[in-house]
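Close look at the chain arrangement
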Amino acid sequence: MNLSSAIQKKIFHIVSFSAQKIKQDSYVVGGYVRDFLLGKIKSKDVDILTIGEGIKLAQEVSKNMKPHPKIKIFRRFGTAMLKCENQKIEFVGSRKESYHFYSRKPFIRLGSLQDDQNRRDFTINALAISLNRDNYGELIDPFGGLSDLKKKILRTPLNSDITYSDDPLRMMRAIRFATQLQFTIEEYSFKSIQKNKNRINIVSTERIIEEFNKILLSEKPSIGLLLLYKSGLLSIILPELTLLKGIEKKNGCKHKDNFYHTLQVVDNISQVKTNSLWLRWAALLHDIGKAYTKNFTKIGWSFHAHEFVGSKMVPNIFQRLKLPKGGPMKYVKKMIQYSYKPIALIGNQISDSAIRRLLFDLGKDLEDLMKLCIADITTNNIEKRKQYQKNIYILMERIQKLEEKDRIQNWKSPISGNDIMKTFQIDPCKEIGIIKNFIKDSILEGKISNDFHSAYLFMLKKGEELGLKKK
Ligand code: ATP
Ligand code: MG
């Protein structure tokens, strides 16, 4: 087998040479082999398996490279990592594993190549390419991984009930790979996931979310979200979403299934903006308030103030899932809170000041909010869809024109606190805040233009009202 790019070829030769020197067989394994066979390799991390000590091989490889790369050693795991021309290479010794029921951390012993392949999660991840002199480049495929790659199937090498129960993170990994590669999880394997879903509770939240985020960041996240739902895992990880499932009908009037709608919105946003994890989270959670605000009224189904209720749920969800508390949480909360606002601003009767408020409140996040609004249009009625999209584009144009004129998005008050203190010869006090707010509101409401001169006159006016005199 021809092992990829020039730099990778060079690395494989050095590893092969070093491994012979210390008399340890070595193999390329894991994701590198899988993606290489799929024709997807760019500059992917390389995993090297050696029958013996991983750290020892890493040290020998470093010795044989010029300049000698630094080795990062993880003694606790018996692994080592080094970088060669920006290519990460990880070394691990072959293992045989046995598991304890209460933990996904196995008891590890030195094992053969076969033992090591047995402990891998999927047949397509259990492929190895030999770096040994007598069969260099040969693919070692004990479980039919190559054929599964061609058939686009995810299958565990050994009994799937045991594989998933031993390390339940593999259930998340199965769904993650199914989403990223657009592969099918073999039927028996999927049934095992359904059976073992509660075992996910022994996996740390951080590891679950790491896989979940990879699902969200893939090209078509709905594949994974649907599998998470069907496996029963989603109601354990994010029950707020599964609560959106279902359609209710009363007096011949029904609402849409908000779960499927959400999946569609996440897919839509993923097509528009690649790599924006938090915008995808916002899309995922944008309707969670609907489960708690659903009401049947005279005019049909309503979900009054669901954006407000939904945005209030965000901090708890972020805390429970150990997602970052700062900026990302605030961003997602804000996106949800404002998710309906642009729709409310459609139409000629809407004043410029309402649009200035939106520009002021959202700042640079307004572009994302508008993208979310367009992604939120999921009606199958083509006429309606076109009309909704057109309305948003008209609004966007109006926003852009107003922003060009008034520059509200990165707004900074033309009058500073210092200006106010100097003008009235006062020390810091609450009047300064009152005057600043008055100026801000006057600009947003369009009473004065956004410049120093107009703001200065309004400062004097408000100051006088508050009993202050220009000195
Ligand atoms: P990628 O890095 O593209 O996400 P990968 O297959 O390289 O995919 P890693 O998490 O880097 O995934 O793991 C490397 C290899 O280690 C896998 O291909 C698999 O053989 C094995 N592996 C990783 N995690 C597990 C696990 N929980 N159970 C069994 N084998 C695993
Ligand atoms: Mg990897």
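With that out of the way, let us pick up the packing of helix α7 (residues 169-181) against helix α9 (residues 205-216). The contact between α7 and α9 brings their axes to 9 Å, and the two run at 10°. When the axes of α7 and α9 are compared, the pair comes out roughly parallel. For the pair α7 and α9, the contacting residues are Leu169, Met172, Arg173, Ile175, Arg176, Thr179 and Gln180 in the first and Arg207, Ile208, Glu211, Phe212, Lys214 and Ile215 in the second. Looking at the contact of α7 with α9, its residues break down into 6 nonpolar, 2 polar and 5 charged.

A full pass over the atoms with the stated rule returns 29 salt bridges. Between Lys21 and Glu60 there is a salt bridge; the shortest N-O distance is 3.6 Å. Placement of the pair is Lys21 in helix α1 (residues 6-21) and Glu60 in helix α3 (residues 54-63), with a sequence separation of 39 residues. What makes Glu60 buried here is its relative accessible area of 7%. We note a salt bridge from Asp167 to Arg170, for which the minimum N-O separation is 3.9 Å. Taking relative accessible area as the criterion, Asp167 reaches 8% and is therefore assigned buried. Owing to a relative accessible area of 8%, Arg170 belongs among the buried residues under this scheme. In the salt-bridge network here, residues are joined through shared partners; they are Arg95, Glu97, Arg104, Asp116, Arg119, Arg120, Asp167 and Arg170.

What follows deals with the packing of aromatic side chains. A complete count under the given rule lists 12 aromatic pairs for this structure. Between Tyr32 and Phe36, the aromatic rings sit 6.3 Å apart at their centres with planes inclined by 5°, giving stacked as the arrangement. Taken as a pair, Tyr32 and Phe36 lie in helix α2 (residues 31-37) at a separation of 4 residues, close to a single helical turn. Residue classification places Tyr32 among the buried positions, given a relative accessible area of 0%. Taken together through their ring pairs, the aromatic side chains of Phe212, Trp278, Trp281 and Phe318 make up a single cluster. One Lys or Arg, Lys461, reaches over the ring of Phe458 and ends 4.6 Å from the middle of that ring. Here the basic side chain of Lys462 rests over the ring of Phe438, its NZ or CZ set 4.7 Å away from the ring centre.

Another point: the site of ligand 1. Not every one of the 15 residues close to ligand 1 is listed here, only the nearest: Arg34, Lys44, Asp167, Arg170 and Arg176. Within the side chain of Arg173, an N or O atom sits 2.9 Å from an oxygen atom of ligand 1. One nitrogen or oxygen atom from the side chain of Arg176 is found 2.7 Å from an oxygen atom belonging to ligand 1. Relative to its unbound accessible area of 580 Å², ligand 1 is 76% covered by the protein chains.

This next bit is on the domain arrangement of the chain. Its domain assignment divides the chain into domain 1 (6-151), domain 2 (152-237) and domain 3 (417-465). The straight-line distance from the C-alpha centre of domain 2 to that of domain 3 is 58 Å.

This brings us to the sheet that holds strand β2 (residues 46-50). Strand order in the open sheet made by the 7 strands is β3-β4-β5-β2-β1-β8-β9, with mixed pairing throughout. Sheet topology places β3 (71-74) and β9 (139-140) at the edges, where each strand pairs with a single neighbour. Looking at chain direction, strand β1 (residues 26-29) and strand β8 (residues 128-130) are connected through 3 bridges and run antiparallel. Residue pairing in the sheet places Val28 in a bridge with Ile129 of β8. Together, β1, β2, β4 (79-84) and β5 (87-93) form the strand contacts of α1, whose direction differs from that of β5 by roughly 30°.

Definitions and limits used
Residues numbered from 1 in each chain as written. Chains lettered and ligands numbered in written order. Predicted model: local features only at pLDDT ≥ 70, side-chain atom pairs only at ≥ 80, totals over all residues. Heavy atoms only, no water. Axes fitted to C-alpha atoms, helices over the stretch in contact; angles between N-to-C directions. Helix = DSSP H or I, 4+ residues; strand = E, 2+ residues; numbered from the N terminus. Parallel < 35°, antiparallel > 145°, perpendicular 65-115°, else oblique. Contact = heavy atoms within 4.5 Å. Nonpolar A, V, L, I, M, F, W, Y, C, P; charged D, E, K, R; others polar. Salt bridge = Lys/Arg side-chain N within 4 Å of Asp/Glu carboxyl O. Buried < 20%, exposed > 50% of the residue type's maximum accessible area, 1.4 Å probe, protein only. Phe/Tyr/Trp six-rings, centres within 6.5 Å; stacked < 30°, edge-to-face > 60°. Lys NZ or Arg CZ within 6 Å of the ring centre and 35° of its normal. Near = heavy atom within 4 Å. Polar contact = N/O pair within 3.5 Å; in protein donor to acceptor, adjacent residues only side chain to side chain. Areas by Shrake-Rupley, 256 points an atom, 1.4 Å probe, with all protein chains shown as cover. Domains from an automatic or database assignment. Pairing = 2+ DSSP bridges.

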